[in-house]
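# Fold and geometry: a report
Letter by letter, the chains look like this.
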Amino acid sequence: MSSITPRRVLSQEQQTEITRIIVKVGQMLAQFGAESRIIEQTTVRLGMALGLESVEMAISSSAIVLTSLYQGSCVTTTRRVREHGINMQVVCEIQRICIMAEKELIGAREVRQRLDGIVPFHYHPWLVVPMVGLSCGAFSLLFGGDWPIFLVTCLSSAVAMRVRQLIARHHHSPLINFAATGFIATLLSSSANFFNWGAQPYLAMAASVLLLVPGFPLINAVSDMVKGYFNMGLARWGTATLLTISAAIGIILAMSVTGVWGWKV
């Protein structure tokens, strides 16, 4: 990384504390879904803003290794990265803290306090459920469905989303979560075929599982690989692929139960 003249004289203890702060920044960014370039740039910028001469780091899907350098002294530390779900509010708040440190509005102590004070924002579960139902229903209309198909899709995807929330609350594997959610959504939406609701009842089965599309991990995977972070990109691509396969398994199981096979979108 680039080097600058340090703004202040740091003791060994201060360098160690700053190293702990910036590795926590990288850890939080990775855990909440930031792309690798943002993780590296934000961490390095904050380290330089707090007085370090240089910051080197290596990012993987499960850990971050970071080394700070100051007047020939090196401090290296490692942090485990555990998935906490995508939350751009946390990412934006960390970047805001970095900008304030660069402008010398806050120091290392204030940065630590603000990081400790970050609470991930989550929409209320009962707000998410109807919104997901309406969005999947809107897709069924875009596919050419009519209002009965819209209603079936809304109900199926909303119930499936609630099942997904309940499974996630108990910290089960995301692979099991996606499979169960795909099963429930397909099972409920296939009722349109049984009762012959709407002109194209099969559209409900296709639209009700769109809540399982891992769009953000796929976008981050491509972005990471394009920007040279191949290890992270491949890891995220593999995760998205496994989630897609799990959802497909749940869909196929539901089709085998109902005997309704195939989409015609």
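As a starting point, this report considers the structure included with it. (Residues numbered from 1 in each chain as written. Predicted model: local features only at pLDDT ≥ 70, side-chain atom pairs only at ≥ 80, totals over all residues. Heavy atoms only, no water.)

## A few points about the nonpolar core
Judged by nonpolar contacts, the single largest core of 38 residues is most densely connected at I39, L46, I64, I94, V111 and L115. Put simply, the parts of the chain that give this core at least two residues each are α1 (12-31), α2 (36-49), β1 (54-59), β2 (63-70), α3 (88-102) and α4 (108-116). Ranked by residue count, the leading element in this core is α1, at eight residues. Once residues within four sequence positions are removed from consideration, L46 is found in contact with I21, I22, V25, C98, A101 and V111. C136, A158, M205 and M255 belong to the second-largest nonpolar core, a separate cluster that totals 17 residues. (Core = buried A, V, L, I, M, F, W, Y, C linked by side-chain atoms within 4.5 Å. Buried < 20%, exposed > 50% of the residue type's maximum accessible area, 1.4 Å probe, protein only. Helix = DSSP H or I, 4+ residues; strand = E, 2+ residues; numbered from the N terminus. Contact = heavy atoms within 4.5 Å.)

## Some words on the packing of aromatic side chains
With the rule as written, the count across this model stands at four aromatic pairs. Here the aromatic rings of W147 and F150 are separated by 5.3 Å at their centres, their planes lie at 80°, and the arrangement is edge-to-face. Here F150 and W147 lie together in helix α6 (residues 147-169), a separation of three residues that amounts to about one turn. For W147, a relative accessible area of 58% corresponds to the exposed category. When the ring of F195 is compared with that of W197, the centres are 4.9 Å apart and the planes differ by 15°; the resulting orientation is stacked. What makes F195 exposed here is its relative accessible area of 54%. For W197, a relative accessible area of 38% corresponds to the partly exposed category. (Phe/Tyr/Trp six-rings, centres within 6.5 Å; stacked < 30°, edge-to-face > 60°.)

## Concerning the pattern of salt bridges
The final tally for this structure, using the stated rule, is six salt bridges. The partner of E35 in a salt bridge is K227, and the shortest N-O contact between them spans 2.6 Å. With a gap of 192 residues between them, E35 in the loop between α1 and α2 and K227 in the loop between α10 (215-226) and α11 (230-258) connect regions that are remote in the sequence. When its relative accessible area of 35% is taken as the criterion, K227 is described as partly exposed. Two residues, E102 and R45, come together in a salt bridge whose shortest N-O distance is 2.8 Å. With E102 in helix α3 and R45 in helix α2, this pair connects stretches of sequence that are 57 residues apart. The class of E102 is partly exposed, set by a relative accessible area of 30%. What makes R45 partly exposed here is its relative accessible area of 34%. (Salt bridge = Lys/Arg side-chain N within 4 Å of Asp/Glu carboxyl O.)

## Re the layout of surface pockets
When its volume is computed, the largest pocket comes out at roughly 2,000 Å³. Lining the largest pocket are 49 residues, and of these E83, H84, G85, I86 and R164 sit closest to its centre. For the lining of the largest pocket, the secondary structure elements donating two or more residues are α5 (125-142), α6, α7 (174-189), α10 and α11. Sort the elements by how many residues they give to the lining of the largest pocket and α6 lands first, with six residues. Looking at the lining of the largest pocket, its residues break down into 25 nonpolar, 17 polar and seven charged. (1 Å grid on protein atoms, 1.4 Å probe; cavity = no way out; pocket = protein on both sides within 12 Å on 5 of 7 lines; lining within 4 Å. Points joined across faces, edges and corners; volume = space filled by probe spheres on them. Nonpolar A, V, L, I, M, F, W, Y, C, P; charged D, E, K, R; others polar.)

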